[in-house]
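Commentary on secondary and tertiary structure
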Amino acid sequence: MEQQVLELLEFLHQPRAEIRALAVQQLTSLTPKSSQYQPLLISKRETLIPDLKSLCHEDTVVAHEAIKCLINLSHDPRIQAELDDKFFINFLCLTILIPKSVLADAACMLLSNMTKHEPTCVKLLEGEAKPLPGLCDSTRLMDHLVEAFHRGHKKAYNPKAEFNFLASVFSNVSGIRLGRVYFLEDAPYDKHAPLTKLQIFTEDPNIIRRGGVDATIKNCCFETRQHERILEDDKLNTLPFILLPLCGSEEYDMEEFEQFPEEIQLLDDDKKRETDSMLRTILLDALILLTHTRFGREYLRQKQVYRVIQRLHAVETDEKVKEKCVAIVDMLIRDEAGPEISEVKAKEEEESEDEDMVIEEIV
């Protein structure tokens, strides 16, 4: 059978389009991680990946099959390295951004996997784009992706795409300092920080969208020198969007209530907390990072954050989440005589919590 698979690969670059189409359709079922032939395909990556990238430029049906193959294979770092190609990245982003593109969401999934490779994140951040009427006037490629994610919510920009997996792209990009700086600084074209266009989705019904946004916020909180900008309500005002998913429908004393951020003061009686324990953990990690600066601690105390955390702790069933709650309260009641922390380094294990957002398999 292995010999037949190798022979199939030869048909991917045949001159006749119908033969290439049949070949890539047959190949798709062999590419998932569960397939016994995936290691063989990965070993042939130096010829296979260029063929699949070329097929992405063909008609929609063939291109969709090629993208599915690449999604299934690109969990592997060796494939990610093969896809680290400026021209292919730009082509994939154009596929995402074209209005009415039927391949936009599949391309978002592929880009999500590709950005697990740090050099790809750098190329994305350095990428240029022509202003796209109806979407974005910027010449920065990342600005276009942020606008597609923001404006394209619930298919408002493209009736055939939701762009949810761009949240995973942003999470990956914010895993490097260059990416965090991008999300926290005002964009030249509209004077708004890109993070402000993401953080409004921390309670979105789609777990991929809100999960990627949660992870992006957490990553940005590693920038301790930007804590004042992240927190203050006349700047990025990120705190309410961290707290909202952690709030339930509990009642608070009026004195406490009045000190909360305005956005969490008038919650519905049926307000529900984030249901996913991993995402609750990510949000609590963001708060822990914010307690690493004196300004952060004082601001969280002023906004009565520990009251929200105490109520969460009282109803929480996940022991790891409860431990995070205790850590936050401990930091907020600590003696301020200790030394200030000027920098927190992002570690690989901090970024591993959203590994399940990698799209490894589409059959």
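Residues numbered from 1 in each chain as written. Predicted model: local features only at pLDDT ≥ 70, side-chain atom pairs only at ≥ 80, totals over all residues. Heavy atoms only, no water.

Time to look at the side chain of E316. Within the element layout of this structure, E316 appears in the loop between α20 (305-315) and α21 (319-332). Side-chain polar atoms of E316 contact the backbone nitrogen of D318, separated by 2.9 Å. When sequence neighbours within four positions are dropped, the list of residues in contact with E316 reads R280, V321 and K322. (Helix = DSSP H or I, 4+ residues; strand = E, 2+ residues; numbered from the N terminus. Polar contact = N/O pair within 3.5 Å; in protein donor to acceptor, adjacent residues only side chain to side chain. Contact = heavy atoms within 4.5 Å.)

What follows covers the nonpolar core. Grouped together as the largest cluster of nonpolar side chains are 108 residues, with contacts concentrated most on L52 and L287. Beyond its immediate chain neighbours, meaning those up to four positions away, L287 contacts L239, I242, L243, L246, L300, V305, I309 and I328. (Core = buried A, V, L, I, M, F, W, Y, C linked by side-chain atoms within 4.5 Å. Buried < 20%, exposed > 50% of the residue type's maximum accessible area, 1.4 Å probe, protein only.)

To continue, consider the confidence of the model for the protein. Summing up the model confidence of the protein, the mean pLDDT is 91 and the portion of residues at 70 or higher is 91%. Overall, residues 348-353 carries pLDDT values under 50, and its contacts beyond four positions in sequence, including any with other chains, amount to 12 contacts. (pLDDT = per-residue confidence, 0-100.)

It is worth spelling out the packing of helix α8 (residues 104-114) against helix α11 (residues 166-173) at this point. At a closest axis distance of 8 Å, the pairing of α8 and α11 adopts a crossing angle of 20°. Taken together, the axes of α8 and α11 lie roughly parallel to each other. Crossing handedness for the pair α8 and α11: left-handed. Where α8 approaches α11, its residues C108, L111 and S112 are matched on the opposing element by L166, S168, V169 and N172. The class makeup of the residues in the contact of α8 with α11 is four nonpolar, three polar and no charged. (Axes fitted to C-alpha atoms, helices over the stretch in contact; angles between N-to-C directions. Parallel < 35°, antiparallel > 145°, perpendicular 65-115°, else oblique. Left-handed = near helix turned anticlockwise from the far one by under 90°. Nonpolar A, V, L, I, M, F, W, Y, C, P; charged D, E, K, R; others polar.)

Let us look at the side chain of D204. Tracing the backbone shows D204 in the loop between α13 (195-198) and α14 (207-220). For the buried D204, no salt bridge is present, and the opposite-charge side chain at shortest range is R209, 4.4 Å distant. Setting aside anything within four residues of it in sequence, one finds D204 in contact with H153, R209 and R210. (Lys, Arg positive; Asp, Glu negative; His and termini not counted. Salt bridge = Lys/Arg side-chain N within 4 Å of Asp/Glu carboxyl O.)

Within the secondary structure, L125 is located in helix α9 (residues 118-126). Residue L125 is classed as buried on the basis of its relative accessible area of 15%. Sequence-wise, L125 and G179 are 54 residues apart; in three dimensions their C-alpha atoms are separated by 7.0 Å. Not counting residues up to four positions away in its chain, the partners in contact with L125 are M142, V173, I176, L178, G179 and Y182.

Here we come to a negative patch on the surface. Negative charge collects at one region of the surface, where D233, D234, E262 and E263 lie side by side. Mapped onto the elements, E262 comes out in the loop between α17 (254-257) and α18 (277-290). Taking the relative accessible area as the measure of exposure, E262 reaches 69% and is therefore exposed. (Patch = residues over 30% accessible without salt bridge, like charges linked within 9 Å, V, L, I, M, F, W, Y side chains within 5 Å. Areas by Shrake-Rupley, 256 points an atom, 1.4 Å probe, with all protein chains shown as cover. Charge placed at Lys NZ, Arg CZ, Asp CG, Glu CD.)

Attention shifts here to unusual backbone geometry. One non-glycine residue, K154, adopts positive backbone phi at about 55°. Along the chain, K154 turns up in the loop between α10 (141-151) and α11. Given a relative accessible area of 64%, K154 falls into the exposed group. Not every positive phi belongs to a glycine, and N237 is a case in point at roughly 55°. Along the chain, N237 falls in the loop between α15 (227-231) and α16 (239-243). The exposure class of N237 is buried, given its relative accessible area of 13%.

The next thing to look at is the packing of aromatic side chains. Counted according to the given criterion, the structure contains seven aromatic pairs. Aromatic pair F149 and F201: ring centres 5.4 Å apart, planes at 80°, arrangement edge-to-face. Here F201 lies in the loop between α13 and α14 and F149 lies in helix α10, a separation of 52 residues in the sequence. In this structure, F149 and F201 share a single accessibility class: buried. Pairing F170 with F183 gives two aromatic rings, centres 5.7 Å apart and planes at 70°, and the pair type is edge-to-face. Of this pair, F170 sits in helix α11 while F183 sits in helix α12 (residues 177-184), and the two are 13 residues apart along the sequence. (Phe/Tyr/Trp six-rings, centres within 6.5 Å; stacked < 30°, edge-to-face > 60°.)

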